[in-house]
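Okay, here's what each chain looks like letter by letter:
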Amino acid sequence: MQIASQKVITIEYTLKDESGELLDSSEHDGPLSYLHGFGNIVPGLEQALEGKSAGDSLKVVVAPEDAYGERDEELLQSLPRERFPDGDIEVGMRFRGESDGGARVLTVVSVDEKSVTIDANHPLAGRTLSFDVTVRDVREATAEELEHGHVHDGDHHHDHDDDHDHDHDHHH
């Protein structure tokens, strides 16, 4: 079965940046399953996987505009220190914040007594990403998965994967 919209894809991957530094790997959490065609993974990777099948391996280099976007310096803002919880606020700490565009990860870029400067860019914005991907499985999505737009983990319906092979009546 080929990768196409509305299929559930399971991949193993490693993700490196342009200098070859390892950023993420499925070795840590196990293979990633996602619903193809719903923007659940970065667009450049989704496009590269289109039409591939289980067992295929590929190397995909994704430019920032097809990954997490270019950096937007307007997303840097300085906030009063009292808006943050008491305790140590350190450069590099991340908070989850709400904005008009939904949840964002806010990274602290500088701190002094009066203010905290946060960066609302995605931590990988502006970076060229290099994926090494192996496709492990391609299956039909369930009606519920399609309705919700994402995979339901721990609820794998592998029992009807084999049905396709038994539909054909052979008339000799």
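Okay, so let's go over this structure. (Residues numbered from 1 in each chain as written. Predicted model: local features only at pLDDT ≥ 70, side-chain atom pairs only at ≥ 80, totals over all residues. Heavy atoms only, no water.)

A few words now on the packing of aromatic side chains. Applying the stated criterion across every chain, the model contains 1 aromatic pair. Judged by centre distance (5.4 Å) and plane angle (65°), the ring pair of F84 and F95 falls under edge-to-face. Remark: F95 occurs in strand β6 (residues 94-99) and F84 occurs in the loop between β5 (76-80) and β6; sequence separation between them is 11 residues. According to the relative accessible area criterion, F84 is buried, its value standing at 11%. (Phe/Tyr/Trp six-rings, centres within 6.5 Å; stacked < 30°, edge-to-face > 60°. Helix = DSSP H or I, 4+ residues; strand = E, 2+ residues; numbered from the N terminus. Buried < 20%, exposed > 50% of the residue type's maximum accessible area, 1.4 Å probe, protein only.)

For the rest of this paragraph, the subject is the environment of I41. You can see I41 is positioned in the loop between β3 (32-35) and α2 (43-49). Expressed as a C-alpha distance, the spacing of I41 and A67, which sit 26 residues apart in the sequence, is 8.7 Å. I41 has contacts with L32, Y34, E46 and L49, leaving out every residue within four places of it along the chain. (Contact = heavy atoms within 4.5 Å.)

A word on the environment of V133. As for its position among the elements, V133 is in strand β9 (residues 129-140). On the accessibility criterion, V133 (2% relative accessible area) is buried. When sequence neighbours within four positions are dropped, the list of residues in contact with V133 reads I11, E12, Y13, L45, L49, D56, S57 and L58.

Evaluation of the coordinates by the stated rule reveals 8 salt bridges. For R136, the salt bridge goes to E12, with nearest N and O atoms at 2.9 Å. Highlighted residues: R136 in strand β9 and E12 in strand β1 (residues 7-16), separated in sequence by 124 residues. Judged by its relative accessible area of 44%, R136 falls in the partly exposed class. With its nearest N and O atoms 3.0 Å apart, the salt bridge here joins K59 to D132. Of the two residues, K59 is situated in strand β4 (residues 57-62) and D132 in strand β9; the sequence distance between them amounts to 73 residues. Given the relative accessible area of 28%, D132 is considered partly exposed. What emerges from the salt-bridge pattern is a single network uniting D17, E18 and R127. (Salt bridge = Lys/Arg side-chain N within 4 Å of Asp/Glu carboxyl O.)

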